[in-house]
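Below are the chains, spelled out letter by letter.
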Amino acid sequence: MAGCAKPVRHTDVVAVVDRDVTGSTAPSSAPRRDQPMPSRIFTAGQLSGRTLEVASTADIILRPGEVVLTFDDGPRPGKTPAILDALDQYGVRATFLMLGSAARAHPELAQLVARRGHTVGSHTYNHTDLSKLSRQEALEEIARGEEAVAEAMGAETISPFFRFPYLSQTGYLRTALLQGDMVVLDVDIDSKDYYRDSASVVMQRTLDRLDARGSGIILFHDIHQRTVDMLPGFLAELKARGYSVVRLVPKSGGVFGRSILTAAVNDAVSD
């Protein structure tokens, strides 16, 4: 199974996260230019932040210090439940962009994610690079993935949130989805947890990129052991640095405008 920006390598490296927190002040005898940058860039407080109701991609506007946690490619037995436990430990909610094939194989996990208070969206059926398909094939792959996730969810509700596999899109596809009442979730900080890196490397790389940007949507995958291993320490560090985790939810209830997406498929066929 591939990751969202580069094909995944399947060697999961387990590492113990052991990171010292640098103080925000240096000894007075140290020259100013030699003082370390403070690791706590905001005022530490409650990690769980506001709930942001979203009707379109344009509604996702984050304030300094706010992050959105997203997990792609699941659900995966042995991984997704551990991710949920870590999120519960810190009282935060995330968005899970599920593959239709994975949700269909593990409907009980898809439902568990929703019951634990997280938002569930779709990520195509087979994690195909849509930019390499015809318009008709790409739209059908998106619709098939959304339908499979919705079916796996049972009585739970799927959101209109969608992410392009490999973050690979075309102007036509993006426009078609936005016109079809889907919310395309972009990525501000890619953890690259699909690389053969240790958990501690993934954690530090993500924190460094987040600190440099100050806020943003973070991409993880709930299919890797390294992500499971690093998440508790990562959340603890987010809290120590004063970040808050924003929960994304659809502004209007129910399943999104599938008829509009179907119309887009029909338009593609006639092109």
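No experiment lies behind these values; they were computed from the predicted model shown. (Residues numbered from 1 in each chain as written. Predicted model: local features only at pLDDT ≥ 70, side-chain atom pairs only at ≥ 80, totals over all residues. Heavy atoms only, no water.)

*Asks:* When you look at the pattern of salt bridges in this model, what are you seeing that I'm missing?
*Replies:* Using the criterion set out here, one finds 13 salt bridges in the structure. In this structure, the salt-bridge partner of Asp88 is Arg116, at a minimum N-O distance of 2.7 Å. Taken together, the positions of Asp88 in helix α1 (residues 80-89) and Arg116 in the loop between α3 (107-115) and β4 (119-122) put the pair 28 residues apart, joining distant regions of the chain. Here Arg116 falls in the partly exposed class, since its relative accessible area comes to 22%. Two residues, Asp190 and Lys192, come together in a salt bridge whose shortest N-O distance is 3.8 Å. Note on Asp190: relative accessible area 10%, which makes it buried. Here the salt bridges do not stand alone but share partners, grouping Asp85, Asp88, Arg93 and Arg116 into one network. (Salt bridge = Lys/Arg side-chain N within 4 Å of Asp/Glu carboxyl O. Helix = DSSP H or I, 4+ residues; strand = E, 2+ residues; numbered from the N terminus. Buried < 20%, exposed > 50% of the residue type's maximum accessible area, 1.4 Å probe, protein only.)

*Asks:* Looking at this structure, I do not really get the environment of Tyr166. What am I missing?
*Replies:* With respect to the helices, strands and loops of the structure, Tyr166 is situated in the loop between β5 (161-162) and α5 (171-179). Given a relative accessible area of 22%, Tyr166 falls into the partly exposed group. Distance in space between the C-alpha atoms of Tyr166 and Asp129 is 6.7 Å, their sequence separation being 37 residues.

*Asks:* Sorry if this is basic, but what is going on with the pairing of strand β9 (residues 244-250) here?
*Replies:* Across a regular strand the side chains alternate sides, sitting on one face of the sheet and then on the other. Counting buried residues along β9, five of its seven residues qualify, which places the element largely inside the surrounding structure. Summarising the sheet, strand β1 (residues 48-54) and β9 pair through five bridges and their orientation is parallel. The partner of Glu53 across the bridge, within β9, is Val249. Note that strand β2 (residues 66-72) and β9 share two bridges and pair parallel. Following the sheet pairing, Val67 is matched in β9 by Val245. (Pairing = 2+ DSSP bridges.)

Any functional reading would require information beyond the geometric quantities listed.
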